[in-house]
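Close look at the chain arrangement
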Amino acid sequence: MSVPSIESLEAQLSQVSDLESLASPLENAKRLASYKAMDEHFLPLLASKIPEWSKLSTIAEFSVVEPLVIGIGSGSTVVYAAERLGEIKRVFSQYINDLNLICIATGFQSENLILSNNLRLGTLAYYPKLAVAFDGADECDPQLNCIKGGGACLLQEKLIALSADKFIVVADDRKKVPYLSYSWKIPIEVVNNAPTFVENQLKKEFGDDLKECDIRESMPKKAGAVVTDNFNCIMDINVGPVHNVKDVHQRLKQITGIVETGLFPNVNCAAAYFGNSDGSVEKIVPQTE
Ligand SMILES: O=C(CO)[C@H](O)[C@H](O)COP(=O)(O)O
């Protein structure tokens, strides 16, 4: 059997337009954005690892030597990114002995996503350098600064995003905002006995700009506060519109008891894909000043 071209394998991947419609236009939009992002950022990476592909004469002859390390985030949108990666692995594994594809999770949900799509789970300790990380966002501004943490995974999400050569956001179009804290509060991960201390420090630091400061509750599923994968709690705060993302992040970070903030000033976010309910996807790359 001859080895098919990479392009013909890519053509074996499902076309979103041929897939059964999901429960709502919003879910279709999330899937569309995720599939497009995965195709545009993972497939070229995979192709670059198998440059001698055309010279192979037998199937299952080739293994990728260097691990391809990918971050898979949390939330409801990245579910479709993991699904697409699982499909790519399935199709290419017909011809490649070992893709050597390792996925790093941003938390409990993300681990299950990786495993349920038959992807190989690795740890950040063992694979500290990622080629690319895919994740959702609660808000994303034109410079691709983000608010994350709607699913309380912000600490691990930031570790994974910053460990990657590039970070790719997948979202529906509700997440595209002119500036951060447009409609979302900022989640902050706080040591679990420190919310009162932190609130007092926030009042000192932000004065009247601190409009809301709530401990995130788990009710009705559990009485009491949400406990993160790192056994901390989450506070959702409103300090007004955030225009200088780095500055607000740093002012929060210097408060003892705040482990991490859900503000993600853009360091390596290369693109954001926003799925629209009309079936289109808008791709945004950072604006240069
Ligand atoms: O930051 C997150 C979890 O901590 C999520 O990525 C964010 O909340 C977006 O979720 P969704 O894709 O469900 O809109």
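Residues numbered from 1 in each chain as written. Predicted model: local features only at pLDDT ≥ 70, side-chain atom pairs only at ≥ 80, totals over all residues. Heavy atoms only, no water.

- Looking at an unreviewed UniProt entry, the protein carries the name Ribose-5-phosphate isomerase, with the source organism given as Hanseniaspora valbyensis NRRL Y-1626.
- Of the protein, the UniProt comment under Catalytic activity (unreviewed entry) reads exactly: "aldehydo-D-ribose 5-phosphate = D-ribulose 5-phosphate".
- In its Pathway (unreviewed entry) section, UniProt records this for the protein: "Carbohydrate degradation; pentose phosphate pathway; D-ribose 5-phosphate from D-ribulose 5-phosphate (non-oxidative stage): step 1/1." (UniProt positions renumbered as here; feature names shortened; annotations may be inferred.)

Digging into the packing of aromatic side chains
- Considering all chains together, one arrives at three aromatic pairs under this definition.
- Taking the centre distance of 5.0 Å and the plane angle of 75° together, the rings of Tyr-126 and Tyr-127 count as edge-to-face.
- When the ring centre of Phe-264 is taken as reference, the NZ or CZ atom of Lys-148 above it lies at 5.8 Å.
- Sitting over the face of the ring of Phe-264, Lys-158 holds its NZ or CZ atom 4.8 Å from the ring centroid. (Phe/Tyr/Trp six-rings, centres within 6.5 Å; stacked < 30°, edge-to-face > 60°. Lys NZ or Arg CZ within 6 Å of the ring centre and 35° of its normal.)

Examining the nonpolar core
- Formed by 36 residues in total, the largest nonpolar core has its most connected members in Phe-42, Ile-72, Leu-85, Phe-92 and Leu-101.
- Top element by residues in this core is helix H4 (residues 78-92). It accounts for seven residues.
- Not counting the four nearest positions on each side in its chain, Leu-101 is found in contact with Phe-42, Leu-68, Ile-70, Leu-85, Lys-89, Leu-119 and Arg-120.
- In this structure, Leu-180, Ile-188, Cys-233 and Ile-237 belong to the second largest nonpolar core, which totals 23 residues. (Core = buried A, V, L, I, M, F, W, Y, C linked by side-chain atoms within 4.5 Å. Buried < 20%, exposed > 50% of the residue type's maximum accessible area, 1.4 Å probe, protein only. Helix = DSSP H or I, 4+ residues; strand = E, 2+ residues; numbered from the N terminus. Contact = heavy atoms within 4.5 Å.)

Points about the domain arrangement of the protein
- For the protein, the domain assignment lists domain 1 (6-178 + 266-284) and domain 2 (186-263).
- For domain 1 versus domain 2, the distance between C-alpha centres works out to 29 Å.
- Taken together, the 16 residues of domain 1 in the interface contact 16 residues of domain 2.
- Across the interface of domain 1 and domain 2, roughly 1200 Å² is buried in total on both sides, 58% from carbon and sulfur atoms.
- When residues of domain 1 are sorted by the area they lose upon contact with domain 2, Leu-154, Leu-155 and Lys-158 head the list and together hold 43% of the total.
- Remark: the boundary between domain 1 and domain 2 carries one salt bridge.
- With a closest N to O distance of 2.9 Å, Lys-158 and Glu-260 form a salt bridge. (Domains from an automatic or database assignment. Buried area = accessible area lost by both parts, 1.4 Å probe. Salt bridge = Lys/Arg side-chain N within 4 Å of Asp/Glu carboxyl O.)

Quick word on the pattern of salt bridges
- Taken as a whole, this structure holds 18 salt bridges when the rule is applied.
- Two residues, Arg-84 and Asp-39, come together in a salt bridge whose shortest N-O distance is 2.8 Å. Of this pair, Arg-84 sits in helix H4 while Asp-39 sits in helix H2 (residues 25-41), and the two are 45 residues apart along the sequence.
- Judged by relative accessible area, which is 22%, Asp-39 ranks as partly exposed.
- Of the charged contacts, one joins Lys-148 and Glu-157 as a salt bridge, the two residues approaching to 3.1 Å between their closest N and O atoms.

Some points on the state of the cysteines
- By the definition in use, this model includes zero disulfides.
- Free of any disulfide, Cys-233 has its nearest cysteine sulfur in Cys-213, 10 Å distant.
- The cysteine Cys-269 is free of any disulfide, with Cys-146 supplying the nearest cysteine sulfur at 5.2 Å.
- On the accessibility criterion, Cys-269 (5% relative accessible area) is buried. (Disulfide = S-S within 2.5 Å.)

With respect to the sheet that holds strand E16 (residues 281-284)
- Strands sit in the order E5-E4-E2-E6-E9-E15-E16 across an open sheet of seven strands; the sheet is mixed. Taken across any chain shown, the strands that pair with only one partner, and hence form the sheet edges, are strand E5 (120-122) and E16. Looking at each pair of strands side by side, their axes are set apart by 25° on average, direction ignored.
- Here strand E2 (residues 68-72) pairs with strand E4 (residues 101-105) via five bridges, running parallel. Its bridge partner being in E4, Val-69 is matched across the sheet by Ile-102. (Pairing = 2+ DSSP bridges. Axes fitted to C-alpha atoms, helices over the stretch in contact; angles between N-to-C directions.)

Quick word on the site of the ligand
- The full set close to the ligand counts 16 residues, and Ser-74, Ser-76, Thr-77, Asp-138 and Lys-175 are the nearest of them.
- In the model, an oxygen atom of the ligand is placed 3.0 Å from a nitrogen or oxygen of the Glu-157 side chain.
- Within the complex, 91% of the 380 Å² of free accessible area of the ligand lies under protein.
- Counted by class, the shell around the ligand contains three nonpolar, eight polar and five charged residues. (Near = heavy atom within 4 Å. Polar contact = N/O pair within 3.5 Å; in protein donor to acceptor, adjacent residues only side chain to side chain. Areas by Shrake-Rupley, 256 points an atom, 1.4 Å probe, with all protein chains shown as cover. Nonpolar A, V, L, I, M, F, W, Y, C, P; charged D, E, K, R; others polar.)

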